[in-house]
Amino acid sequence: MEPKKSEENQDEDLIGIPVLFNLGKVENIKRSRPDGYGNTIEAYKNDFDLDIQNYRKLRDITNQIIEIEPYADYATVNFIEEHLFDWIIETHKENRAKNEPLNYLQDAFEKDLKEYNFYFRIHALGINSTFKIGQVEFTFFTDDLLLDYSKKFKEQYPEKPEKECELIFKDYISKPIAKVSSKGIQNKAKRNAQREVNLAIDCLKCFLVDESVNSSSKIMDVEYRFTETFPNSFIYDTNSDKFDFNLQFERTDGIAPISLNKEKIERLFNSGLNEVSEFISSPPANEFSKIIINTISSIGNYSSERNLHERE
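Throughout this document, residue positions are counted from 1 along each chain, in the order its sequence is written. Selection of residues for local features in this predicted model requires a pLDDT of at least 70, selection of side-chain atom pairs for listing and counting requires 80 or more, and totals for whole chains, interfaces and linings are taken over all residues. Excluded from the side-chain calculation are hydrogens and water; included are all heavy atoms of the structure.

Caption draft 1: Up close: the overall build of the chain. The secondary structure content of the chain amounts to ten helices and 16 strands. Only protein chains enter the area calculation, which uses a 1.4 Å probe; residues under 20% of their type maximum are buried, those over 50% are exposed, and those in between are partly exposed. Considering the chain as a whole, with its 312 residues, one finds that 34% of them fall into the buried category. Working rule for contacts: check all heavy atoms of both residues, and any pair within 4.5 Å makes them a contact. For the chain, long-range pairs separated by at least 24 residues make up 59% of all intrachain contacts whose partners lie at least 6 apart in sequence. Secondary structure elements are taken from DSSP: a helix is a run of H or I of four residues or more, a strand is a run of E of two residues or more, and numbering for both begins at the N terminus.

Caption draft 2: Spotlight on the nonpolar core. In this structure, Phe131, Ile133, Phe138, Val197, Leu204, Met220 and Leu260 are the most contacted members of the largest nonpolar core, which totals 35 residues. Examining the composition of this core, we find that eight residues originate from one element, helix 7 (residues 186-206), more than from any other. In contact with Phe138, not counting residues within four places along its chain, are Ile122, Ile127, Ser129, Thr130, Phe131, Ile133, Ile177, Ala200, Ile201 and Leu204. In plain words, nonpolar cores are sets of buried Ala, Val, Leu, Ile, Met, Phe, Trp, Tyr and Cys residues tied together by side-chain atoms within 4.5 Å. Counting 15 residues, the second largest nonpolar core, distinct from the first, contains Tyr71, Phe85, Phe109 and Ile185.

Caption draft 3: Spatial organisation of the side chain of Ser289. By secondary structure assignment, the location of Ser289 is in helix 10 (residues 287-302). Ser289 sits in the buried class, given a relative accessible area of 8%.

Caption draft 4: Spatial organisation of the packing of helix 9 (residues 262-280) against helix 10. Fitted lines through C-alpha atoms give the axes, limited to the stretch in contact for helices. The angle between two N-to-C directions lies from 0 to 180 degrees. Viewed as axis vectors pointing N to C, helix 9 and helix 10 meet at an angle of 125°, and their least axial separation amounts to 11 Å. One element, helix 9, and the other, helix 10, form an angle in the oblique class. Considering the relative orientation of helix 9 and helix 10, their crossing is left-handed. Touching Val276, Phe279 and Ile280 of helix 9 are Ser289, Ile292, Ile293 and Ile296, all from helix 10. Looking at the contact of helix 9 with helix 10 residue by residue, the classes come out as six nonpolar, one polar and no charged. Just so you know how the angles are binned, under 35 degrees is roughly parallel, over 145 roughly antiparallel, 65 to 115 roughly perpendicular, and the rest oblique. Crossing chirality is assigned from the near helix's rotation relative to the far helix, an anticlockwise turn below a right angle marking it left-handed and a clockwise turn marking it right-handed. In this classification, Asp, Glu, Lys and Arg are treated as charged, Ala, Val, Leu, Ile, Met, Phe, Trp, Tyr, Cys and Pro as nonpolar, and every other residue, Gly included, as polar.

Given below as structure tokens:
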């Protein structure tokens, strides 16, 4: 059922103000109290609660289950903990257990287990062709692809304005992206996807030797790892009747865009990137493989250091 727009919020077209929805009466909210590290130490929902001692037992059980397949690869501690807590609530409410807790958890897991495609923006990088490193495809949304997505959106949601589809992709147009597939509960699938993206980008950085020795700049990186401040910009014009709008940037240091055309990408792959890409396409087979992967990640981190001495 579609959420109703709040009658109190009639100015839904105000720029910069998100549209608020009236979700109706909210019930069955789980409230919890975390410790200093963000771990839940007690929780309650409606008229039932688990105190610190009992919640610690729940956490201990959760930590044991997360070591078992398939949960180890495809679930998170919070997912297991949340659904075991729900089982306890349901059992308390019904005064009996409808099924075993592990069966309850398995049903929830199978319902939420999905194959995802994740798209992460990459900053300070320019490409004109797609390429793949490991499991990650470096690509961009083409006009034809966006048009196809728009058609699918209209077919599936004929009652919704096309603007809703455009808002999804607005900040990704004309931006290079790292695309990767990952299976699991959404949060775990995202973590696994980010691990693949991190490794692929670090591999690429290993071969960008000339760009890495520039001490005054930070080379490209995926958005969630990008720590530099973007240049401030503003637009200005005068009272002239002619078009004289101008875009000006302030503070342009800190980001050194890298241009990777098709020819340069081919040179990088021919210089050894292809072999490294094949190596990281499979999970590490032994401890030596893990050492190599850790070394790749370290080089990727060093190449992003602002201090040249830290890169030596």
